[in-house]
Structure formats: structure tokens, C-alpha cells
Amino acid sequence: MTGTMGVSDSMAASDPILEVRNLQKYFQVTNGVLKAVDDVSLSIRRGETFGLVGESGCGKSTLGRTILRLYGATKGQVLFKGENVHQLKGDKLKKFNRAMQMVFQDPYASLNPRMTVGDIIAEGIDIHGLYSGAERRERVSELLHTVGLLEEHASRFPHEFSGGQRQRIGIARALAIEPEFIIADEPVSALDVSVQAQVINLFKRLQQEKWLTYLFIAHDLAMVKYISDRIGVMYLGALVEVARSNELYRQPLHPYTEALLSAIPIPDPEVERQRERIILEGDVPSPINPPSGCRFYARCPKAMPECQTETPALIQVEEEHEVACHLYKY
Ligand SMILES: Nc1ncnc2c1ncn2[C@@H]1O[C@H](COP(=O)(O)OP(=O)(O)OP(=O)(O)O)[C@@H](O)[C@H]1O
Ligand SMILES: [Mg+2]
């Protein structure tokens, strides 16, 4: 019996809950086509946290929003539990809308100032007609408690709360309809460092309790290391490296990842003094009519002639370590 359980457990663990295949999201803008997400493929297993990092404007939120169907896809597919989310209709669409939730970057803008916290949290419960009356009140209290707030907070309004508390409200709202997958789009960026750790710990605890899967978006590699099982590094609309969290820190392969890592200070002053910081020259190129070849070419300290003309594909170079760079072609 135990043996059988073991097999099915490990199968479930490796089973991707989300697969993104060659996803593109382009925006038509006045001076051309803005390629916000260009040919992104990734897969996320159930119960895993996939951290997505990259500089501002590289397409992280657009990728998250396209996965969640807030945007249609220009090309490519998003499969959630094997089904193409952009083709879901009727009951299946309803189920998907419950199963996948988003926690937003800005705890100030994402809560309706005219609604009580209780009504904000219960919005999904109301939309899906899950509970009413006393049951609904009970569920709201339970959710407030789960995220470390108090029952009496239900009758208050968002402006009466601090940033960290508002983000907890946002998390309670996302949890209300018992999702399986949460896209957390820079959920702690707007918070003080001390509060960031608390909210991150809350995410971790909830994941263990509810076997949630996270796509966790952040600017900062230091932040995602702690929470992520695997990390994807994005540059100008494309994934340039994907690896297990420890592996990415231990042995970054892409010159862009190396540069990002070299910017994180190390607490040991002895080590810190001897480190070489890689300063990237130039700005991130525009995603409108982006250059051909490797998009990192103009800023890459290791650029070779072919990088200017040939776009490197994301290839697996070691177990669970993928990189899109001509240095690793062979
Ligand atoms: N609705 C839209 N219409 C046109 N362009 C858009 C739209 N949404 C995003 N973009 C553009 O797509 C690119 C990617 O934006 P996105 O918000 O996904 O970046 P991001 O990585 O989330 O950045 P940040 O870290 O600042 O949140 C940017 O150049 C942005 O200006
Ligand atoms: Mg964003």
C-alpha cells in the first residue's frame, strides 16, 4: 500500500499543473508592435513555487495576466491541468476562474475603497454563490484569521489599514474561493522590508497548509530565492534562464543572471570586498520592434558576433537547468 502511495505521490508531484507553450503577447502601439511576451515556454508542477524575475518592463505582469486570461494570447498556449485556458467556456471557464487567482502588486490600488473588508474578501464567494448569511460571515472571519487579521476588521474600510495589512486582505480575497494556483505579482514590493518577510512567510505557510502552487513575480532575485523552488529569469519579453533556486545562485549560466546576482550584496564584509560587481552598460532596449539576435546582445559583456544575428533558444544544459545563450550551444 505504502509503495503504491509513494508512486502516485511522486507522479502527482512531477505532474505539471501549468504549461505555457511558446506564448506571445504583442500590443499594437502607435509606432509599431510591442512584444511584451515573446515565445515564453515554462511548466510549473503542483505544489511548487516558480519565481519569475527581471527588470521593470520585461513582461512579467503581462505574462501573468495572459496566463490568467486577463489578456488574450497573440500566439501560443496556456494549459492548466491539460486544458487550453484561452478556449475554456461555460462550466470549465467558471472552474478555471475559481482555480486560479491573482494577488496584485499594489495593495493600495487593488482594493475598492468604498467596500468593507468583509465584502472585498467575500467578492469571489458572492460571484460564485458559495455561501450566504451566517456561513458567509463565518468564512470571512476564518479567512481574516488565516491571514493574521481580526474578525472585527470585516466591517472596516481599506484606508484604515497599513500596507502590509492591505496585502493580507488581498491574499484573503484570493484564498476565499479555495484556488489551486495563485499568481502573486510583486505582492510585497510596495511594503517595508520588515513587513515583506511577514507576508512572504504567510505565503509559505499557506502553501504548506493548502498545497497551493505559486507563480511568484518579483524584481529582485534576493526576494524570490527564499520562496522559490525554481526561478525563471526574464529579459525583454523572453526567458533567458530557468533553474532550481539553489542551482541558479550557485551556478548562474546566463550573463544577465550573473549580472543580477552580482548586484545582491553579501552580508559577509570579507567576501563582499572581494566580489566583482558586473555593471551592465546601456539601457534595456525597447520592446517595440526589438533587435534581432539575442536581446541581451547590446549589454552583454560576453557577446560574440553570432549573438547579434541569431536568437538563442532556451535549451536544457543540465538537469532542470535551461539557458538561452550561444555560450552554451555545444
Ligand atoms: N496594455 C498594454 N498596452 C500596451 N503596452 C503594454 C500594456 N501592458 C504592458 N505593456 C508594455 O509591455 C511591456 C511589459 O510590461 P509589464 O507590465 O508586463 O512589465 P513588468 O515586467 O511587469 O514590469 P514591472 O516590473 O515594472 O511591473 C512594457 O514595455 C509595457 O509598457
Ligand atoms: Mg509588473
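An account of the accompanying structure is given in this report. What you see is a predicted model, and the numbers here were worked out from it, not measured in a lab.

### Comments concerning the sheet that holds strand E1 (residues 16-29)
Inference 1: If you trace the four strands from one edge of the open sheet to the other, you get E2-E1-E4-E5, paired in antiparallel fashion. Because the sheet does not close on itself, it has two edges, and the strands there are strand E2 (32-45) and strand E5 (83-84).
Inference 2: As paired strands, strand E4 (residues 75-80) and E5 are joined by two bridges and run antiparallel to one another. Counted as the bridge partner of Phe80 is Glu83 from E5.
Inference 3: Against the sheet, helix H2 (residues 60-67) contacts E1, E2 and E4, and its axis sits at roughly 115° relative to E1.

### Observations concerning the side chain of Arg230
Inference 1: Along the chain, Arg230 turns up in strand E9 (residues 230-235).
Inference 2: Within the local environment of Arg230, its side chain forms a polar contact with the backbone oxygen of Ser43, the two atoms lying 2.5 Å apart.
Inference 3: Polar side-chain contacts of Arg230 include one of 2.8 Å to the side chain of Glu48.
Inference 4: Residues in contact with Arg230, not counting those within four places in the same chain, are Ser43, Ile44, Arg45, Glu48, Thr49, Phe50, Gly51, Val242, Ala243, Arg244, Ser245 and Glu320.

### Some points on the nonpolar core
Inference 1: In terms of nonpolar packing, the biggest core is built from 56 residues, with Ile171, Phe203 and Leu221 touching the most fellow members.
Inference 2: Among all residues touching Phe203, those that are not within four sequence positions of it are Val103, Ile171, Ala184, Pro187, Tyr214, Phe216 and Ile227.
Inference 3: Core analysis: the second largest hydrophobic core is formed by 30 residues, Val78, Ile183, Leu239 and Val242 among them.

### Describing helix H11 (residues 255-262)
Inference 1: Of all eight residues in H11, seven are buried, a share of seventy percent or more.
Inference 2: Taken together, the buried positions of H11 are occupied by Pro255, Tyr256, Thr257, Ala259, Leu260, Leu261 and Ser262.
Inference 3: On its buried face, H11 sits against helix H9 (221-227), E9, strand E10 (238-244) and helix H10 (245-250).

### Thoughts on the state of the cysteines
Inference 1: The final tally for this structure, using the stated rule, is zero disulfides.
Inference 2: Unpaired in terms of disulfides, Cys294 finds its nearest cysteine sulfur in Cys307, a separation of 6.0 Å.
Inference 3: The thiol sulfur of Cys325 is not disulfide-bonded, and the nearest other cysteine sulfur, from Cys300, lies at 6.2 Å.

### Description of the site of ligand 1
Inference 1: By nearness alone, 16 residues border ligand 1, and Ser56, Gly57, Lys60, Ser61 and Thr62 come closest of all.
Inference 2: Take Gly57: an N or O atom from its main chain is 2.8 Å from an oxygen atom of ligand 1.
Inference 3: In the environment of ligand 1, an oxygen atom lies 2.8 Å from a nitrogen or oxygen atom belonging to the side chain of Lys60.
Inference 4: When the free accessible area of ligand 1 is taken as 640 Å², the share hidden by the protein chains comes to 68%.
Inference 5: Contributing elements (two or more residues each) for the shell around ligand 1: E2 and H2.
Inference 6: Ranked by the residues each element gives to the shell around ligand 1, the list is headed by H2, at three residues.
Inference 7: Residues belonging to the shell around ligand 1 are distributed by class as follows: six nonpolar, seven polar and three charged.

### Some points on the environment of Asn289
Inference 1: Here Asn289 lies in the loop between helix H12 (269-274) and strand E11 (315-318).
Inference 2: Sequence separation of Asn289 and His219 is 70 residues, and the distance between their C-alpha atoms is 24 Å.
Inference 3: Setting aside residues no more than four positions away along its own chain, Asn289 makes contact with Asn31, Gly32 and Val33.
Inference 4: Of the polar contacts made by the side chain of Asn289, one reaches the backbone oxygen of Asn31; its length is 3.5 Å.

What counts, and where the lines are drawn
Residues numbered from 1 in each chain as written. Chains lettered and ligands numbered in written order. Predicted model: local features only at pLDDT ≥ 70, side-chain atom pairs only at ≥ 80, totals over all residues. Heavy atoms only, no water. Pairing = 2+ DSSP bridges. Helix = DSSP H or I, 4+ residues; strand = E, 2+ residues; numbered from the N terminus. Contact = heavy atoms within 4.5 Å. Axes fitted to C-alpha atoms, helices over the stretch in contact; angles between N-to-C directions. Polar contact = N/O pair within 3.5 Å; in protein donor to acceptor, adjacent residues only side chain to side chain. Core = buried A, V, L, I, M, F, W, Y, C linked by side-chain atoms within 4.5 Å. Buried < 20%, exposed > 50% of the residue type's maximum accessible area, 1.4 Å probe, protein only. Disulfide = S-S within 2.5 Å. Near = heavy atom within 4 Å. Areas by Shrake-Rupley, 256 points an atom, 1.4 Å probe, with all protein chains shown as cover. Nonpolar A, V, L, I, M, F, W, Y, C, P; charged D, E, K, R; others polar.

All we've got here are geometric facts, nothing functional implied.
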